[in-house]
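Fold and contact review
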Amino acid sequence: MRILVSRVAALGAVLVTGTLVTGCSDDSTAASRPTASPPAASAPTQSPSGSASLPAETDAPPDAADPALDPALSEPVEDSVYPDVGDPSVDSLHYDLDLAWTPDTRTLVGEATIELRSTGTGDHLQLDLGEPLDVSAVTLDGADVPFDHQGKDLVVRAPVTKDERYVLEVSYSGTPQPTPAPTRRSDFSTSGWTTTPAGETWTMQEPYGAFTWYPVNDQPSDKAFYDISVTVPSPWVGIANGVMTDQTEVDGLTTTSWHLSKPASSYVVTVATGDYTRTTNTSQSGTEISYWVPSDRPGLATGLESAAAGLDWLEGLLGPYPFDSLGFLLVDSRSGMETQTMITLGATDYATSSAVLVHEMAHQWYGDEVTPDDWRDVWMNEGMAMYLQGVWQAEEDGRSVEAVMDEYATFEPAMRAQNGPPADYDPATFGEGNIYYGPALMWHELRKRIGDDAFWKVVKDWPGRDPETNSNRDEYLDWLVDRTHVDRSFFEGWLLSPTTPARS
Ligand SMILES: [Zn+2]
């Protein structure tokens, strides 16, 4: 999930300089913290004129029965923290999103073709889609069907049969609006599609908010494949997850097509539009890394190139990078997000630091490859990403990991007290430091108990154990107890206790 750019991640930067004075869980201290620089001012950007429309459809007809979609079969659940978003009646398999964005009028035109499995027999399917978007037509297997679109609930009125697969097409347009985020963090307060004053766009959508720009089962247990095409007036370009398979320019409009070859949860989908320039470098292990930076700020790419060394470092601990492409996308945000294969970062000093690049790349294993079923278990992502970030920072600073953990331990109890235990947090405080630092300390305590060799084998084996899938606390703890022979109460104490367990 997002790094804690202006709160805890900024705190990490403070810690490195050794100037941390006191706690960090309330907004006033966060706001006064000096390290999270706002996005640097850039020259005013002119949006290109021209009205974007969808290009003629050239894709092959969708085939929901295609066995190539089987890796996207999921067991969707109702979220225990945010039950109003997502619906377990739908198991989406593939989203083919054709999007056209007109900056001048702030208009998005979308055509979503969704191959899905109905998880039950009934008279409707339900997806999430933002209220500001107007739906003009819905078809199921090619036939027009009635629908209701109240609030963000898109209810498709058609008889469906358990385990049958369908092709749902939704045509929509409008001016997307971000949705309030259930958090008190100072680096973001809304989630989803965001438009800059110049008409550029970007998205970060954790724990939900994908529904602000496309119809989706917006809950992490339901992974799906994605093909996204984006049409914008030239010279702007659209960027999304995966590999760019095509770029065409016709009548002053640029269309880019993107293919994501492994299933993803909706919160790690990204799309952005603007005037971008792409550069690349390559890790020693041979992964080409793309850097998409605003064309008027080419210097930003230079600072990102340490990602290649960070990726090599992570592969040494976690095994081969799990996806077939990797890129970084710089946007006008104060935060950062581990969007699958195309990491979305605010153009701030902290969000583009090597420690944060390592954090977000670590999430490609912990979060993107293996994803929590339910937001209660976001600690599964953040604890390990934060621990690996701490180990990286220790090496960079020439300090011991224990010294970094000592610092984490100075503020973790207050975060836990304020926001709840890492695996049972206050739903209004999504993404606070409690889900990062307590689990990071837990991992270090486990390392001391079982020794380096056994610990790093556990860290490496978990994401490789069952690729492209979801998991949950019970399953993870069963596996950890079996592998480490450490009592379950050790893990439960760190994850569920209202107070911080003693460190060894
Ligand atoms: Zn994170």
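So, a few notes on the structure that sits alongside this text. Predicted model only: the values in this text are computed from it and were never measured.

1. Some words on helix 10 (residues 473-484)
Taking 1.5 Å of rise per residue, 12 residues should cover 16 Å, and helix 10 covers 16 Å from first to last C-alpha, within 8% of that figure. For helix 10, the complete set of buried residues consists of Tyr476, Leu477, Trp479, Leu480 and Thr484. The buried residues of helix 10 all sit within an arc of 160° when viewed along its axis, so they share a single face. Buried residues belonging to helix 10 abut helix 6 (379-397), helix 8 (434-450), helix 9 (452-465), strand 23 (469-471) and helix 11 (488-496). Sitting at the head of helix 10, Asn472 places a side-chain oxygen 3.2 Å from the backbone nitrogen of Asp474.

2. Examining the packing of aromatic side chains
Per the counting criterion, the structure on display carries 29 aromatic pairs. A centroid spacing of 4.5 Å and a plane angle of 70° characterise the contact between Trp213 and Tyr214, whose relative ring orientation is edge-to-face. Each member of the pair, Trp213 as well as Tyr214, carries the same accessibility label: buried. Taking 5.8 Å as the distance between ring centres and 15° as the angle between the ring planes, the aromatic pair formed by Trp379 and Tyr476 counts as stacked. Of this pair, Trp379 sits in helix 6 while Tyr476 sits in helix 10, placing them 97 residues apart in sequence. For Tyr476, a relative accessible area of 1% corresponds to the buried category. Among the aromatic residues, those joined into a ring-pair cluster are Tyr82, Tyr208, Phe211, Tyr267, Trp375, Tyr425 and Phe430. Between the NZ or CZ atom of Lys152 and the centre of the ring of Phe211, over which it lies, the distance is 5.9 Å. Positioned over the ring face of Tyr425 is Arg376, at 5.4 Å from the centre of the ring.

3. Concerning the pairing of strand 15 (residues 253-264)
Of all 12 residues in strand 15, 10 are buried; the element is thus mostly enclosed. The pairing of strand 12 (residues 224-233) with strand 15 spans 9 bridges and is antiparallel. Bridge assignment links Val232 to a residue of strand 15, and that residue is Thr254. Examined bridge by bridge, strand 14 (residues 243-250) and strand 15 share 7 bridges and lie antiparallel to one another. Bridging across to strand 15, Glu249 finds its partner in Thr254. Here strand 14 hands over to strand 15 after 2 residues, with Asp251 in that stretch at a positive phi of 55°.

4. Section: the pattern of salt bridges
Applying the stated criterion to the full structure yields 26 salt bridges. Notably, a salt bridge pairs Asp397 with Arg399, separated by 3.5 Å at the nearest N-O pair. Taking relative accessible area as the criterion, Arg399 reaches 26% and is therefore assigned partly exposed. Between Glu492 and Arg488 there is a salt bridge, with its nearest N and O atoms 3.2 Å apart. Of this pair, Glu492 and Arg488 both sit in helix 11, 4 residues apart, which is roughly one turn of the helix. A residue is classified by how much of its surface remains accessible, and Glu492, at 31% relative accessible area, is partly exposed. Exposure remark for Arg488: the relative accessible area of 24% places this residue in the partly exposed category.

5. What about the pairing of strand 19 (residues 326-331)?
Of all the 6 residues making up strand 19, 6 are buried; the element is thus mostly covered by neighbouring parts of the structure. Burial along strand 19 is two-sided: Leu326, Phe328 and Leu330 facing one way and Gly327, Leu329 and Val331 facing the other are all buried. Pairing geometry for strand 18 (residues 288-294) and strand 19, over 4 bridges, is parallel. Paired with Ile289 across the two strands is Leu326, which belongs to strand 19. By the bridge criterion, 5 bridges tie strand 19 to strand 21 (residues 342-346) in an arrangement that is parallel. Residue pairing for strand 21: Leu330 is matched across the bridge by Leu345.

6. Regarding the layout of surface pockets
Counted as a void, the largest pocket has a volume near 860 Å³. Around the largest pocket, the lining comprises 36 residues; the ones closest to its centre are Glu57, Thr58, Asp59, Asp96 and Asp98. When contributions to the lining of the largest pocket are tallied by element, the ones reaching two or more residues are strand 1 (90-102), strand 2 (107-118), strand 12, strand 14 and strand 15. Residues belonging to the lining of the largest pocket are distributed by class as follows: 13 nonpolar, 11 polar and 12 charged.

7. A look at the sheet that holds strand 15
Strand order across the open sheet formed by 8 strands is 5-4-8-2-1-12-15-14, with mixed pairing between neighbours. Lying at the two open borders of the sheet, with one neighbouring strand each, are strand 5 (143-144) and strand 14.

Thresholds, definitions, all that
- Residues numbered from 1 in each chain as written.
- Predicted model: local features only at pLDDT ≥ 70, side-chain atom pairs only at ≥ 80, totals over all residues.
- Heavy atoms only, no water.
- Helix = DSSP H or I, 4+ residues; strand = E, 2+ residues; numbered from the N terminus.
- Expected span 1.5 Å × (residues − 1).
- Buried < 20%, exposed > 50% of the residue type's maximum accessible area, 1.4 Å probe, protein only.
- Arc of directions from axis to C-beta.
- Contact = heavy atoms within 4.5 Å.
- Polar contact = N/O pair within 3.5 Å; in protein donor to acceptor, adjacent residues only side chain to side chain.
- Phe/Tyr/Trp six-rings, centres within 6.5 Å; stacked < 30°, edge-to-face > 60°.
- Lys NZ or Arg CZ within 6 Å of the ring centre and 35° of its normal.
- Pairing = 2+ DSSP bridges.
- Salt bridge = Lys/Arg side-chain N within 4 Å of Asp/Glu carboxyl O.
- 1 Å grid on protein atoms, 1.4 Å probe; cavity = no way out; pocket = protein on both sides within 12 Å on 5 of 7 lines; lining within 4 Å.
- Points joined across faces, edges and corners; volume = space filled by probe spheres on them.
- Nonpolar A, V, L, I, M, F, W, Y, C, P; charged D, E, K, R; others polar.

So yeah, pure geometry; function would need other evidence.
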